[in-house]
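Read off the chains here:
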Amino acid sequence: MNHTEAGNVDHDEISRFEALAARWWDLGGEMAALHHINPPRMRYIQQRAGGPTASIKGKRVLDVGCGGGILTEALALAGADATGIDLADASIIVARQHAADSGITARYEVIGAEDLADDAPESFDLVCCLEMLEHVPDPAQTIEAIARLVKPGGDVVFSTINRNPKSYALMIVAAEMVAKIVPRGTHDYAKFIRPSELDRWARDAGLVPQDVTGLRYNPLLKSASLNASDLDVNYLMHCRKPA
Ligand code: SAH
């Protein structure tokens, strides 16, 4: 079955990202915040999934909902055998072109996580799915597919946005309406995900949560840092699939 046809995709979301595809690598554009948060996200991934040496060199890594490849390229530069997937064709075209222009080797495909899990189960040492779950209709289904994609004993790193009055105030009111850091309509408050919900969906899919860490972002300073005790807005979760 083609799961994409079966429907775990919001076509308005994909269209919104396609319309912005030319801006993925514009450091002053709509995607700038993703560039600013990328270094601490990478540190987290390397620390959690890189073993004692914090190195993902040589690992087969999948980036689900990769967009223009901001994270995928960083994974490849860290020595991973990196693949990025997304359902927005225009973003995958931009990702391929940017990697070629930068001399970076990464594979990019237009395919959903569910379909890739049918084609290539248990193929990846590490699967990353950052800032994507809050854009899909059924995040539990995406998480289930990711659990099938990762090898036994492998790692998964998710990131998303918590759902509470503070995240509404910062992500919707401040970021979209006042400061216009991201385009209006980028985020839907109802689709934000509490850490307890992500924990439950991960466990239901057979993954074992290992850690949750907050990611604080200061748009004025354009800086971001990991903060273990502040899960109020953006946060990352590391899970492992039992061996
Ligand atoms: N993960 C990237 C991009 C986040 S933006 C980063 O953090 O830098 C969210 C991305 O999810 C967009 O590229 C969008 O096209 C993609 N997306 C949304 N719904 C999707 C779906 N159902 N399947 C695959 N990708 C999806």
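Quick note: structure is the one above.
As the structure is a computational prediction, the values presented were derived from the model and not from experiment. (Residues numbered from 1 in each chain as written. Predicted model: local features only at pLDDT ≥ 70, side-chain atom pairs only at ≥ 80, totals over all residues. Heavy atoms only, no water.)

*Asks:* Hey, could you run me through the overall build of the protein in this one?
*Replies:* When helices and strands are counted, the protein shows nine helices and eight strands. By the compact-globule yardstick of 18 Å for 243 residues, the protein fits well, its C-alpha radius of gyration being 16 Å. Viewed in the frame of its principal axes, the protein has a C-alpha envelope of about 45 × 40 × 40 Å. When each of the 243 residues of the protein is scored for burial, the buried share is 51%. Expressed as a percentage of contacts within the protein between residues at least 6 apart in sequence, the contacts between residues at least 24 apart total 70%. In the form shown here, the protein has an accessible surface area of approximately 10,600 Å², with 53% of it arising from carbon and sulfur atoms. For the protein, the separation between the mean place of its 24 positive charges and that of its 33 negative charges on side chains is 7 Å. (Helix = DSSP H or I, 4+ residues; strand = E, 2+ residues; numbered from the N terminus. Rg over C-alpha atoms; globule rule 2.2 N^0.38 Å. Buried < 20%, exposed > 50% of the residue type's maximum accessible area, 1.4 Å probe, protein only. Contact = heavy atoms within 4.5 Å. Areas by Shrake-Rupley, 256 points an atom, 1.4 Å probe, with all protein chains shown as cover. Lys, Arg positive; Asp, Glu negative; His and termini not counted. Charge placed at Lys NZ, Arg CZ, Asp CG, Glu CD.)

*Asks:* How should I be thinking about the site of the ligand in this particular structure?
*Replies:* Near the ligand you find 18 residues, and of these Arg 41, Gly 65, Gly 67, Asp 86 and Leu 130 are the closest. In the model, an oxygen atom of the ligand is placed 3.5 Å from a nitrogen or oxygen of the Gly 67 main chain. Here a nitrogen atom of the ligand and a backbone polar atom of Leu 130 are 2.8 Å apart. With the chains in place, 97% of the 570 Å² that the ligand exposes on its own is no longer accessible. The residue inventory of the shell around the ligand, partitioned by class, reads eleven nonpolar, four polar and three charged. (Near = heavy atom within 4 Å. Polar contact = N/O pair within 3.5 Å; in protein donor to acceptor, adjacent residues only side chain to side chain. Nonpolar A, V, L, I, M, F, W, Y, C, P; charged D, E, K, R; others polar.)

*Asks:* I keep staring at unusual backbone geometry and nothing clicks. Help me out?
*Replies:* Phi at Glu 122 takes a positive value of approximately 50 degrees, unusual for a residue other than glycine. By relative accessible area, which is 42% here, Glu 122 ends up partly exposed.

*Asks:* Explain the pattern of salt bridges here, please?
*Replies:* A side chain of one charge can pair with a side chain of the opposite charge when the charged atoms of the two come close. Tallied over the entire structure, the rule returns 16 salt bridges. Residue Glu 144 is joined to Arg 148 by a salt bridge in which the shortest nitrogen-to-oxygen separation is 3.4 Å. Taken together, the residues Glu 144 and Arg 148, both in helix 7 (residues 139-149) and four residues apart, mark about one turn of the helix. Residue Glu 144 is classed as partly exposed on the basis of its relative accessible area, which comes to 35%. Residues participating in the shared-partner salt-bridge network are Asp 10, Glu 13, Arg 16 and Lys 191. (Salt bridge = Lys/Arg side-chain N within 4 Å of Asp/Glu carboxyl O.)

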